[in-house]
Amino acid sequence: MSAGLVLAGCGGSDDEGSSEASGTSPGEGKAGCEQLTQFGDLTGKQVSLYTSIVAPEDQPYKDSFQLFSDCTGAEVVYEGSKEFETQLPVRVESGNPPDIAFIPQPGLLQSLVRDYEGAVKEAPQQVSDNVDEFYGADWKTYGTVDDVFYAPPLTANVKSFVWYSPKMFEENGWDIPTTWDEMLALSDTIADSGVKPWCAGIGSGEATGWPATDWVEDVLLRTGGADVYDQWVSHEIPFNDPAVVEALDTVGGILKNDDYVNGGFGDFKTIASTEFTDGGLPILDGKCAMHRQASFYAANWGEGVEVGEDKDVFAFYLPPIDPDQGSPVLGGGEFVTAFSDSIQTQALMTYISGGEWVNEKGKATPNGGFVSANKNLDIANVASPIDKASVEILQNPDAVFRFDGSDLMPGPVGAGSFWKEMTAWIGEDQDTQTTLDNIESSWPAS
């Protein structure tokens, strides 16, 4: 265990409401500590951090906080949980929230702000200034509720990727598809060869179902376009709008096709019970050929598996469907949300939102799986070719980028009925219309 980092427990913090520290900072004069010297010596203080990020993705986060501890003397108490989405509101309601939570859904942030008045703390001015300096304007809106800015970005990801084995494709003479029709034709060719073209998994503890929502969002962007997508996310059109029916049926053409899935696991219903972390692994054994999953999946391939165009695994862009809709990119990210305004919490928020943490996190993730939209991120500190491509997309001001729709929707929908009904759609073979009708009926009245 590194000095200054506590890996278990979730204790509270002291000095609530403090905004000043006395004495010199332990990081005085150290490179990377410039923004943190204003907080003085925080030795002996702790910041409790609660997140859904668990092994194997958690260790680089823990390592990335070492500079914060070196600069301030404060300790970070890290707790990861697969039950994060359901347990965080319980802890907030019971008066035992963490100092900081990494929230992957802006919709959940909105619910916490509105349902538990005063529980979520407004971001300090320094954090707001950091986001203005290092991120595009859209990223600040994702962390803003009712015109108040609460949550700076943590990481980002690009979800519009299909993982594959370059060696398998080369040996079989399969070309990377550039259109949806080409991808379906390739799927048929692979199926005829005796290999399942697709493998998938949507299991994720109490968050089971979220990978299936990504499929719907990616496809809707390609069939309905960005404007329809925005209207759907904001409920200007109903969840069961015909455009969404078309998108889900298009997804079903792959995920509910037993000729296509679920390589290495069984029939299509096994997708619901297969952990998303395991979903793509049969590619390594030649049991399936393709797996649609985000850039962060690079962290799940396992030790010794190399990511690259001529390596063990790589990924191609999920092809467009309707040329009129261009080539949109679906992505997501986490946001740093404070339930304490202690000085050590403010310091950690400042560190994460500034220009230093992203490079520390990049260097602490040598096997890939880290992406950020922070403009100060040096692409040399991004390990994986997939991550490098993702950063270039996110930092390109001309990219047609849309944030994960379920993460923007109200919590009871985006992190509730949408996950649940998509799981039933696959695991119970529930029909498309019933699935979308059930989600529509769950949308909050106000």
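Residue positions within a chain follow its written sequence, with the count starting from 1. With the structure being a predicted model, the display of local features is reserved for residues of pLDDT at least 70 and the display and counting of side-chain atom pairs for 80 or more, all residues being used for whole-chain, interface and lining totals. Each side-chain value is worked out from all heavy atoms of the structure, with water and hydrogens disregarded.

> Talk me through a negative patch on the surface; I want residue IDs and the actual numbers.
Residues qualify for a patch when their relative accessible area is over 30% and they have no salt bridge, like charges being joined within 9 Å and the nonpolar side chains of Val, Leu, Ile, Met, Phe, Trp and Tyr within 5 Å. Surface accessibility follows the Shrake-Rupley procedure with a 1.4 Å probe radius. Residue values consider only the protein chains on display as shielding. One side-chain nitrogen of Lys or Arg within 4 Å of one carboxyl oxygen of Asp or Glu is enough to make a salt bridge. Counting rule applied: Lys, Arg positive; Asp, Glu negative; His and chain ends not counted. Note that the charge is assigned to NZ on lysines, CZ on arginines, CG on aspartates and CD on glutamates. Judged by side-chain charge, Asp188, Asp192, Asp258, Asp259 and Asp267 come together as a negatively charged surface patch. Considering the arrangement of structural elements, one finds Asp188 in helix α8 (residues 180–192). Working definition: with a 1.4 Å probe on protein chains only, accessible area under 20% of the residue-type maximum means buried, over 50% means exposed, and in between means partly exposed. Overall, Asp188 belongs to the partly exposed group, its relative accessible area being 39%. Note on conventions: DSSP H or I runs of at least 4 residues are helices, E runs of at least 2 residues are strands, and numbering of each starts at the N terminus.

> How would you explain the sheet that holds strand β8 (residues 161–164) if you had to name every residue and give the values?
Any two strands are treated as partners once DSSP identifies two or more bridges connecting them. Strands sit in the order β9-β10-β8-β11 across an open sheet of 4 strands; the sheet is mixed. The open sheet has two edge strands with one neighbour each: β9 (196–198) and β11 (314–317). Between one strand and the next, the sheet's axes are offset by a mean angle of 25°, whatever the strand orientation. Alignment of β9 against strand β10 (residues 288–292), held across 2 bridges, turns out to be parallel. Convention adopted: a line fitted to C-alpha atoms gives each axis, helices being fitted over their contacting stretch, and angles between N-to-C directions are expressed from 0 to 180 degrees.

> Describe in detail the pairing of β8, supporting the description with residues and values.
When a strand is regular, its side chains alternate between the sheet's two faces. Burial along β8 is two-sided: Phe161 and Trp163 and Val162 and Tyr164, pointing in opposite directions, are all buried. Relative to β10, β8 is paired through 3 bridges, and the arrangement is antiparallel. In the sheet register, Trp163 faces β10, and the bridge partner there is His291.

> For the packing of aromatic side chains, give the residues involved together with the corresponding values.
Any pair of Phe, Tyr and Trp rings, taking the six-membered ring for Trp, is counted once the centres come within 6.5 Å. Such a pair is stacked with planes under 30 degrees apart, edge-to-face with planes over 60 apart, and tilted for the rest. Using the criterion set out here, one finds 25 aromatic pairs in the structure. Ring centres of Tyr142 and Phe335 lie 6.4 Å apart, and the angle between their planes is 75°; this geometry places the pair in the edge-to-face category. You can see Tyr142 sitting in helix α6 (residues 137–142) and its partner Phe335 sitting in strand β12 (residues 329–338), a full 193 residues away along the chain. Grouping residues by exposure puts Tyr142 and Phe335 together as buried. Through pairs of rings, three or more aromatic residues link up here, namely Trp139, Tyr142, Phe335, Phe401 and Phe403. Over a ring means this: the NZ of a Lys or the CZ of an Arg is within 6 Å of the ring centre and within 35 degrees of the ring normal. Just above the ring of Tyr50 sits the side chain of Arg91; from NZ or CZ to the centre is 4.5 Å. Taking the ring centre of Trp215 as reference, the NZ or CZ of Arg292 above it sits at 5.8 Å.

> An account of unusual backbone geometry is needed here, citing residue identities and associated values.
Look at the link from Ala55 to Pro56: it is a cis peptide, with omega at 5°. For Pro56, the location among the structural elements is in the loop between β2 (46–51) and α1 (58–64). Going from Val261 to Asn262, the amide bond is cis rather than trans, its omega being 0°. Among the structural elements, Asn262 can be located in the loop between α11 (242–255) and β10.

> Tell me about the environment of Ala200, residues and numbers included.
Examined against the element boundaries, Ala200 turns out to sit in the loop between β9 and α9 (210–223). Residue Ala200 is classed as buried on the basis of its relative accessible area, which comes to 7%. Note on definitions: a residue-residue contact is assigned when non-hydrogen atoms from the two residues lie within 4.5 Å. In contact with Ala200, other than residues within four places in its own chain, are Leu255, Asn262, Phe265, Ile271, Thr274, Gly279 and His291.

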